Amino acid sequence: MSVIFKICMNKEMLSAKKIYNLIFSSLSLIFIVMSIFGCRQESTITSETTTKTTIQLLWNEKDYEKIYSSIDYNENLLDISKNNLLFYGFSAYYLFRETGSVDYLNQTLSSLERFRLLYSESSDINLLNEVHLILSLSNYLLGQYKNAILHAEKVISLGTVIKKDIHIILGLSYYFSGDFAKSLIELSEIENPSYQLTILLYRISKKINLHAETIEYLNAASSISDNELEKYISNILLVNDYNSDKQYDSALNILNSLKSQLSSPFLLSSLYYYLGIIHGEKGNYIEARTMWNRSLEHNSENTYALDKLSK
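Let me sum up the structure you'll find in this document. As the structure is a computational prediction, the values presented were derived from the model and not from experiment.

## Here's the deal with the environment of Tyr104
Item 1. With respect to the helices and strands, the residue Tyr104 is situated in helix H6 (residues 102–119).
Item 2. Spatially, the C-alpha atom of Tyr104 lies 10.0 Å from that of Tyr88, the residues being 16 residues apart in sequence.
Item 3. If we ignore the near neighbours within four places in the chain, the residues touching Tyr104 are Glu65, Tyr68, Ala92, Leu95, Phe96 and Thr99.

## Focus: the pattern of salt bridges
Item 1. Applying the stated criterion to the full structure yields six salt bridges.
Item 2. Of the charged contacts, one joins Lys206 and Asp241 as a salt bridge, the two residues approaching to 2.8 Å between their closest N and O atoms. Taken together, the residues Lys206 in helix H11 (residues 195–207) and Asp241 in helix H13 (residues 228–244) connect sequence positions 35 residues apart.
Item 3. A relative accessible area of 8% means that Asp241 is categorised as buried.
Item 4. Salt-bridge contacts for Asp249 lead to Lys282; the nearest nitrogen and oxygen are separated by 2.8 Å. Highlighted residues: Asp249 in helix H14 (residues 248–258) and Lys282 in helix H15 (residues 265–282), separated in sequence by 33 residues.
Item 5. Since its relative accessible area comes to 37%, Lys282 is described here as partly exposed.

## A closer look at the side chain of Ser173
Item 1. Checked against the element boundaries, Ser173 lands in helix H9 (residues 163–177).
Item 2. Taking the relative accessible area as the measure of exposure, Ser173 reaches 0% and is therefore buried.
Item 3. If we ignore the near neighbours within four places in the chain, the residues touching Ser173 are Tyr140, Tyr145, Ala148 and Ile149.

## Observations regarding the packing of helix H7 (residues 125–141) against helix H8 (residues 145–158)
Item 1. At a minimum axis separation of 8 Å, H7 and H8 run at an interaxial angle of 155°. Relative to H8, the element H7 is oriented roughly antiparallel. As H7 packs across H8, the resulting crossing turns out to be left-handed. Two secondary-structure elements touch here, H7 through Ile125, Leu128, Asn129, His132, Leu133, Leu135, Ser136, Asn139 and Tyr140 and H8 through Tyr145, Asn147, Ala148, His151, Ala152, Lys154, Val155 and Leu158.
Item 2. Looking at the contact of H7 with H8 residue by residue, the class counts come to 10 nonpolar, six polar and one charged.

## Structural notes on the nonpolar core
Item 1. The biggest cluster of nonpolar side chains holds 88 residues, and the ones touching the most others in it are Val131, Tyr232 and Leu255.
Item 2. No other element matches helix H5 (residues 82–99), which puts 10 residues into this core.

## Overview of H8
Item 1. Across its 14 residues, H8 extends 20 Å between first and last C-alpha, which sits within 8% of the 20 Å expected from 1.5 Å per residue.
Item 2. Taken together, the buried positions of H8 are occupied by Ala148, Ile149, His151, Ala152, Val155 and Leu158.
Item 3. Those residues of H8 that are buried are in contact with H6, H7 and H9.
Item 4. Immediately beyond the C-terminal end of H8, within one or two residues, lies Gly159, with a positive phi of roughly 70°.

## Let's talk about unusual backbone geometry
Item 1. We note that Asn192 has phi near 50°; this positive angle belongs to a residue other than glycine.
Item 2. Inspection of the secondary structure assignment puts Asn192 in the loop between helix H10 (180–188) and H11.
Item 3. For Asn192, a relative accessible area of 71% puts it in the exposed group.
Item 4. Non-glycine residue Lys246 carries a positive phi angle of around 60°.

## Comments concerning the packing of aromatic side chains
Item 1. Inspection of every chain in the model, using the stated rule, returns 17 aromatic pairs.
Item 2. With centroids separated by 6.3 Å and ring planes inclined at 45°, the aromatic side chains of Tyr140 and Phe176 adopt a geometry described as tilted. With a gap of 36 residues between them, Tyr140 in helix H7 and Phe176 in helix H9 connect regions that are remote in the sequence.
Item 3. The class for Tyr140 is buried, based on a relative accessible area of 3%.
Item 4. For the ring pair Tyr175 and Phe176, a centre distance of 5.2 Å and an interplane angle of 85° mean the geometry is edge-to-face.
Item 5. In this structure Phe176 comes out as partly exposed when scored by relative accessible area, which is 34%.
Item 6. In textbook terms, an aromatic cluster arises when at least three aromatic residues are bridged by ring pairs, as seen for Trp59, Tyr64, Phe87, Phe90, Tyr93 and Tyr94.

Definitions and limits used
- Residues numbered from 1 in each chain as written.
- Predicted model: local features only at pLDDT ≥ 70, side-chain atom pairs only at ≥ 80, totals over all residues.
- Heavy atoms only, no water.
- Helix = DSSP H or I, 4+ residues; strand = E, 2+ residues; numbered from the N terminus.
- Contact = heavy atoms within 4.5 Å.
- Salt bridge = Lys/Arg side-chain N within 4 Å of Asp/Glu carboxyl O.
- Buried < 20%, exposed > 50% of the residue type's maximum accessible area, 1.4 Å probe, protein only.
- Axes fitted to C-alpha atoms, helices over the stretch in contact; angles between N-to-C directions.
- Parallel < 35°, antiparallel > 145°, perpendicular 65-115°, else oblique.
- Left-handed = near helix turned anticlockwise from the far one by under 90°.
- Nonpolar A, V, L, I, M, F, W, Y, C, P; charged D, E, K, R; others polar.
- Core = buried A, V, L, I, M, F, W, Y, C linked by side-chain atoms within 4.5 Å.
- Expected span 1.5 Å × (residues − 1).
- Phe/Tyr/Trp six-rings, centres within 6.5 Å; stacked < 30°, edge-to-face > 60°.

Take a look at the structure:
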């Protein structure tokens, strides 16, 4: 949310629509980061023979570059060991995390999918869990949401993963696949959701016309917000919803209650601008102009308030 905060502090007030768009254009990135760092950097890989001891030691030291370069992986070869597939695939994944190179991510898919096809029936359930978890996340990051869903559902069926990780991946994969109802179900499974996740739940519920839920999520977002800007955004989104439904008194109550919770002159200027908008919708034009003038008292460069007063 720091990017949004800097923009608001740049003496250019954002309309609710602009704030709304700005929040959600960054949500996918926020949750990708959450998903990546939610996954454990552990593995149940073990060496099968003493010849694998060196690679195992490198793995324990997290020297993924040496592991990756020391394994002669060729996807066209028919005979490749279980351990080589695992070490190569997981090392490629962690190298992607370090470098951001999609080539590593493609190699992760290639080797771990091959492991799954050749060795899944004879492998430990905890190891399979790790394989499907990384395959799900890798497919998600590559925008292959159907495959991400298949692997995420497999993880859940195995029943050994930390639920939060997989529900984030599965919920977001459903979201970007356009299945908003299933996305809402999965993301609602997460206990103690963050502010960003709660705002995303609001957006999903709005897409599928769950009016009561949209209000519930925005109230929840406001209550768990960590700063003024987050509190302001969640309340302004709620004001917009009430305004769209012509529930003007409810919108005014929220804005008037929010006054005492803000200290930023820019946010207060925007708040008074919205008070003017709601009063204008009610037909109270004198009160509306009073609010826009109050807006300029907090920020004389609020172009939205200036525009309203010029008409």
